[in-house]
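One letter stands for each residue in the lines below.
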Amino acid sequence: YQSDKNEAFVVLGFEAASLVLHYISVYIEGGISNAFEFFMQGLLPLIPFTVAISLVLFYLKQGGVCYLVEDRVFKFSGCEVCIDGYPPVDGICYLKDGTNYTFVATDLLDVESYNTVDDLLSRTNQVSYCAAQNPSGPDTNFCFFDFELGQLDGLVIE
């Protein structure tokens, strides 16, 4: 899998071009004669366009995409790490000196916790973590694919 910022912009361009071509074809075919046709041909195509654009923009805001190995699923969150590079355990980050702090991560579907648009668009520090490489850490595995270079832990993914 490769997470690429340029491909995200290409998707945005294709979405916009398909909407423009749709409206051109409606115009060439004779336009719209009543309110129902206006809804079906004019407003309804905006729904998938808006959804696709929103998802791509959210992907760009998050900085990439997360893959959770245990769940075998891609998500926009779930690869959050503490300052020491380990994932939080039950929402708490433990430091080597014995102190701990509560890790605050936003969840895309936890709508009740959002107070402003900034809360929705905020992102937490996400990175790859492998339990096999960190035997003293939690037994979990996840990979964060950064969109900037299509890299995972500094290795180019092809």
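Structure report, in brief. (Residues numbered from 1 in each chain as written. Predicted model: local features only at pLDDT ≥ 70, side-chain atom pairs only at ≥ 80, totals over all residues. Heavy atoms only, no water.)

Okay, the overall build of the protein next. Counting secondary structure elements, the protein contains four helices and eight strands. Ordered by position from the N terminus, the helices and strands of the protein form the series α-α-α-β-β-β-β-α-β-β-β-β. Each of the 158 residues in the protein was classed as buried or not, and the buried ones make up 27%. Pairs at least 24 residues apart make up 53% of the contacts formed inside the protein by residues separated by at least 6 positions. Carbon and sulfur atoms form 61% of the exposed surface of the protein, whose accessible area is close to 10,500 Å². (Helix = DSSP H or I, 4+ residues; strand = E, 2+ residues; numbered from the N terminus. Buried < 20%, exposed > 50% of the residue type's maximum accessible area, 1.4 Å probe, protein only. Contact = heavy atoms within 4.5 Å. Areas by Shrake-Rupley, 256 points an atom, 1.4 Å probe, with all protein chains shown as cover.)

We now examine the pairing of strand β1 (residues 64–68). In terms of burial, β1 is a largely internal element, four of the five residues being buried. Note: β1 against strand β6 (residues 141–146), five bridges, orientation antiparallel. Note that in β6 the partner of tyrosine 67 across the bridge is cysteine 143. Inspection of the sheet shows β1 paired to strand β2 (residues 73–75) by three bridges, in the antiparallel sense. (Pairing = 2+ DSSP bridges.)

Attention shifts here to the pairing of β6. Two faces belong to every sheet, and in a regular strand the side chains alternate between them. Sheet topology places strand β5 (residues 129–130) next to β6; two bridges connect them, and they run antiparallel. Pairing of cysteine 130 across the sheet is with asparagine 141, part of β6.

Moving on: the nonpolar core. The biggest cluster of nonpolar side chains holds eleven residues, and these are Ala8, Leu12, Ile53, Val56, Phe58, Tyr59, Leu60, Val65, Phe76, Phe145 and Phe147. Elements with a contribution of two residues or more to this core: α1 (5–28) and α3 (46–62). The biggest single contributor to this core is α3, with five residues. By size, the runner-up hydrophobic cluster in this structure holds seven residues, among which are Cys66, Tyr129, Phe142 and Phe144. (Core = buried A, V, L, I, M, F, W, Y, C linked by side-chain atoms within 4.5 Å.)

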